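These are the residues of each chain, in order.
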Amino acid sequence: MKPTHFIKKIKKKILIPSLYRRYVLGNGVIQEDIIQTLKVRGSKVQNASIEQQFKHLMTYYPDYAFVFFWRINKLNSQWRKVFVSDIPCKLFRNTKIAGGMLCYHPFASVINAESIGKDFQFRNGLTIGNKGNDNQLRPIIGDNVTVGANVVIIGSIKIGNNVVIGAGSVVVKDVPSNCVIAGNPAKIIKEIDEL
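Below you will find a few notes about this structure.

So, how was this worked out
Residues numbered from 1 in each chain as written. Predicted model: local features only at pLDDT ≥ 70, side-chain atom pairs only at ≥ 80, totals over all residues. Heavy atoms only, no water. Helix = DSSP H or I, 4+ residues; strand = E, 2+ residues; numbered from the N terminus. Expected span 1.5 Å × (residues − 1). Buried < 20%, exposed > 50% of the residue type's maximum accessible area, 1.4 Å probe, protein only. Contact = heavy atoms within 4.5 Å. Polar contact = N/O pair within 3.5 Å; in protein donor to acceptor, adjacent residues only side chain to side chain. Phe/Tyr/Trp six-rings, centres within 6.5 Å; stacked < 30°, edge-to-face > 60°. Lys NZ or Arg CZ within 6 Å of the ring centre and 35° of its normal.

Things to note about helix H2 (residues 28-41)
In step 1: When the terminal C-alpha atoms of H2 are compared, their 20 Å separation across 14 residues agrees well with the 20 Å that a helix rising 1.5 Å per residue should span.
In step 2: Those residues of H2 that sit buried are Ile30, Asp33, Ile34, Gln36, Thr37 and Leu38.
In step 3: Where H2 is buried, its residues meet helix H1 (3-24), helix H3 (50-60), helix H4 (62-71), strand S3 (102-104) and strand S6 (121-123).
In step 4: Measuring from the side-chain oxygen of the N-cap residue of H2 to the backbone nitrogen of valine 29 gives 3.1 Å; that N-cap residue is asparagine 27.
In step 5: Glycine 42 sits one or two positions beyond H2 and adopts a positive phi of about 65 degrees.

Given below as structure tokens:
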């Protein structure tokens with residue numbers, strides 16, 4: 001093990017309990033992020049205490065650490081660098097995102113929505129934004145929405161609950177609940193039973 005990796009490992013061991021006490025205890029949204037991330041990834045740590053789950057995620061999942069530091073509004077913190085290498089992803093502070101958010105490799109992603117519901121999952125290359133540089137024209141995204149890689153969601157549109165958006169889609173119109181969409185422009189591929 002390189003000396004720098006050893007030092008990082010020691011810093012993590014020292015910082016994680018403090019971060020847990022300060023930001024995770026009593027914060028239901030962050031706890032939902034933890035539970036959903038481990039559930040979707042099928043982790044064996046799911047049945048451990050929330051503290052052990054947090055420790056596991058902060059130690060082994062830099063994508064989760066990125067979401068955590070965004071949640072606590074500390075993306076520029078010196079401690080963030082202990083857990084996360086540079087991940088070029090921008091989540092606008094004015095975007096309201098419910099608990100259970102999960103990202104897979106959030107590289108080259110920009111998220112500027114009015115609101116996003118619970119259990120939101122996304123992959124790399126996602127753009128969610130306003131239309132014509134007008135922040136009054138931002139998307140509203142429902143609960144249980146899963147977004148593939150390289151998707152664009154633009155404008156004052158509404159995406160319902162339980163929606164799967166296929167990779168490479170361009171979404172510029174409202175999307176009803178309980179469906180799978182894909183394409184450019186995105187169209188309903190199939191309707192699905194409530195997830």
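Focus on the environment of isoleucine 141
In step 1: Structurally, the position occupied by isoleucine 141 is in strand S8 (residues 140-141).
In step 2: Using a relative accessible area of 3% as the deciding quantity, one classes isoleucine 141 as buried.
In step 3: For the pair formed by isoleucine 141 and glutamate 114, sequence separation is 27 residues and the distance between their alpha carbons is 8.1 Å.
In step 4: Not counting the four nearest positions on each side in its chain, isoleucine 141 is found in contact with Ser115, Ile116, Gly117, Phe120, Ile128, Ile153 and Ile159.

Observations concerning the environment of lysine 96
In step 1: Mapping lysine 96 onto the fold places it in strand S2 (residues 96-97).
In step 2: Sequence-wise, lysine 96 and alanine 113 are 17 residues apart; in three dimensions their C-alpha atoms are separated by 7.6 Å.
In step 3: Beyond its immediate stretch of four places on either side in the chain, lysine 96 contacts Glu114, Ser115 and Ile116.

Looking at the packing of aromatic side chains
In step 1: Taken as a whole and judged by the stated rule, the model has eight aromatic pairs.
In step 2: Centroid distance phenylalanine 54 to tyrosine 64: 6.5 Å. Interplanar angle 85 degrees. Geometry classified as edge-to-face. Of this pair, phenylalanine 54 sits in helix H3 while tyrosine 64 sits in helix H4, and the two are 10 residues apart along the sequence.
In step 3: Taking relative accessible area as the criterion, phenylalanine 54 reaches 0% and is therefore assigned buried.
In step 4: An aromatic cluster of three or more residues is present, and its members are Tyr20, Tyr23, Phe54, Tyr64, Phe68, Phe69 and Phe83.
In step 5: Above the face of the phenylalanine 92 ring, lysine 90 is positioned so that its terminal group lies 4.6 Å from the ring centre.
In step 6: For arginine 93, the ring lying beneath its charged end belongs to tryptophan 70, and the centroid distance is 4.9 Å.

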